[in-house]
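Each chain, letter by letter, is given below.
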Amino acid sequence: MGNPYYECPLPVTIPPAKPFLESIKLGIKETLFPDDPFRQFKNQPASRKFILGMQYFVPILEWAPRYTFEFFKADLIAGITIASLAVPQGISYASLASLPPIIGLYSSFVPPLVYAMLGSSKDLAVGTVAVASLLISSMLGKEVNPNENARLYVQLALTATFFAGVFQAALGLLRLGFIVDFLSHATIVGFMGGAATVVCLQQLKGILGLVRFTHGTDLVSVLRSVFSQTHQWRWESGVLGCCFLFFLVLTRYVSKRKPCFFWINAMAPMMSVIVGSVLVYLTNAEKYGVQVEGVAVGRSFAMFKNYHIDGNKEMIAFGMMNIAGSCVSCYLTTGPFSRTAVNFNAGCKTAGSNIVMAAAVMVTLLFLTPLFHYTPIVVLSSIIIAAMLGLIDYEAAIGLWKVDKCDFIVCVSAYIGVVFGSVEIGLVIAVTISLLRMLLSVARPRTFLLGNIPNSMIFRSIDQYPIANNIPGVLILQIDAPVYFANANYLRERWIYEEDEKLKSTGGSSLQYVILDLSAVGSTDTSGISMFKEVKKNIDRRGLKLVLANPRSEVIKKLVKSKFIESIGQEWIYLTVGEAVAACNFMLHASKSNNQVADEFDAHNNA
């Protein structure tokens, strides 16, 4: 780096300014249409555009004409398989939502038909989920007691489903599906784990055969309710529940170890319902504290297949199926992971498997509901617990601890909020922590001191590469984020007040140049430009020269318009840090040579 020979570097090109409206249009396109969903309509006749448009919004029109008998056989097997899981889960999750079990079956009949027409996923199996069921129960239960006013409670649940569908469809139509990206993986792991724990705790009522139970979902309320009624515990119910829970967990373990036996895990819930109902019928177990569902039913009567899924289209599909479902006595549905995994493993080829599942559930609704008269609640509780245990991803939490302690804290905070507060509190904590961490990473960007890797023209952070050497007379700083109003004051204070230490550590009085590496600064605003100007003034006061390296397109355009480049000088802007350092070294050697000539001339005159 001390070579005095210097080649003239390539100039930094200032891109032409774009019209304001064009810039706005480009920004909206990148935000809302990053996948360019309308590219297929370009250069197409009107008739073809109409057909493509119908296929885009109603995907069944795209795959149905190509449907084959081979596809039908695969979808038939997959549909029947997931139906065996949908029926017991529908009944179980409806009771978790404090709704009549028949509504849980309805929710596995109409929404899958709607999704089969509008959904873009080949593998997604539609149905009710435990977390959404718990949310409905905990939120609506605060307003209406489902036992005292069941009719009003059901109406509220269906109304909530309708507006949830409207909200989902609106997000999809407005291309706002990217909002869900603001929930980090750590937040989702913590929230889902906490919700699964709460759901499991709620099932202690069914496992222990309790008649009265707390309406609270937090750990303290549940444990207080359980241990204050020890005299009401029914050992018959507990033993039966533990046996079925062991059976369900064992089948899940076997299917994970041997994926070819996935059908065992899929059929286990239905087998549990059948065996449990037969046991209750043969032994009259309801006389010994094993509660059944008879009254409620009597009264009610993306990766592995390498194809693209449009998140916004999925939001529209979910929204429409919930809107339609709410009109025919269905409550909130989505795509449960467990059911979708079974559908995938069963070899489904299209969304037609949802149609088969809906047909199987319809048969159940028409002819088989009387058979559920003796279904024991303890079996339903065991099915829910077994499903929820799969959502408590402790391995992911351990991985977060090993990789990123901050992510682990986020995960645990969301978990604690759900378990010790409520599902709503946990959800608020999860969203708040995700947004807070994102804002902190933007508002508090890091700056790095760069050095030269020996025997190369590569410059890297000295913290990461201790072998990197400081350049005599030159301080190189890199900003690791966009510079705008959210972090401008922070960077200003950091550079003006804290960089003194770096100046001292890199040469102090011998320092002559400060190079700012802007390669990671993708954008800036007027606040950021004001910060650059103030930093330049501070550097000028110290008698130093500010040099810029690799400014990005949007940044250089704004620096030119603000006349900041004019104050620095176009000759002090370089394409790379290496060229900037070479230029600074050249000037340092030239200055040193001039000083030596001046000293020799002075010495000669004095002689």
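Rules of the game
- Residues numbered from 1 in each chain as written.
- Predicted model: local features only at pLDDT ≥ 70, side-chain atom pairs only at ≥ 80, totals over all residues.
- Heavy atoms only, no water.
- UniProt positions renumbered as here; feature names shortened; annotations may be inferred.
- Axes fitted to C-alpha atoms, helices over the stretch in contact; angles between N-to-C directions.
- Helix = DSSP H or I, 4+ residues; strand = E, 2+ residues; numbered from the N terminus.
- Contact = heavy atoms within 4.5 Å.
- Nonpolar A, V, L, I, M, F, W, Y, C, P; charged D, E, K, R; others polar.
- Pairing = 2+ DSSP bridges.

Under an unreviewed UniProt entry, the chain has the name STAS domain-containing protein and belongs to Populus trichocarpa. UniProt's Subcellular location (unreviewed entry) comment on the chain is quoted here verbatim: "Membrane". Taken directly from UniProt, the Sequence similarities (unreviewed entry) text for the chain runs: "Belongs to the SLC26A/SulP transporter (TC 2.A.53) family."

(A) A look at the packing of helix H19 (residues 394-403) against helix H20 (residues 405-420). Direction vectors running N to C along H19 and H20 enclose 145°, while the axes themselves pass 6 Å from each other. Every residue of H20 that contacts H19 at Ala397, Leu400, Trp401, Lys402 and Val403 is listed here: Lys405, Asp407, Phe408 and Cys411. Among the residues forming the contact of H19 with H20, the class breakdown is six nonpolar, no polar and three charged.

(B) Fine view of the sheet that holds strand E4 (residues 513-517). Spatially, the six strands line up as an open sheet ordered E2-E1-E3-E4-E5-E6, and their pairing is mixed. Taken across any chain shown, the strands that pair with only one partner, and hence form the sheet edges, are strand E2 (459-461) and strand E6 (573-574). In this sheet, strand E3 (residues 474-479) lies alongside strand E1 (residues 447-452) in antiparallel orientation, the contact comprising three bridges. Following the sheet pairing, Phe448 is matched in E3 by Gln478.

(C) Local environment of unusual backbone geometry. The backbone of Asn455 sits at a positive phi, close to 60°, despite the residue not being glycine. Structurally, Asn455 is set in the loop between E1 and E2. At Asn550, a residue that is not glycine, the phi angle is positive and equals roughly 55°.

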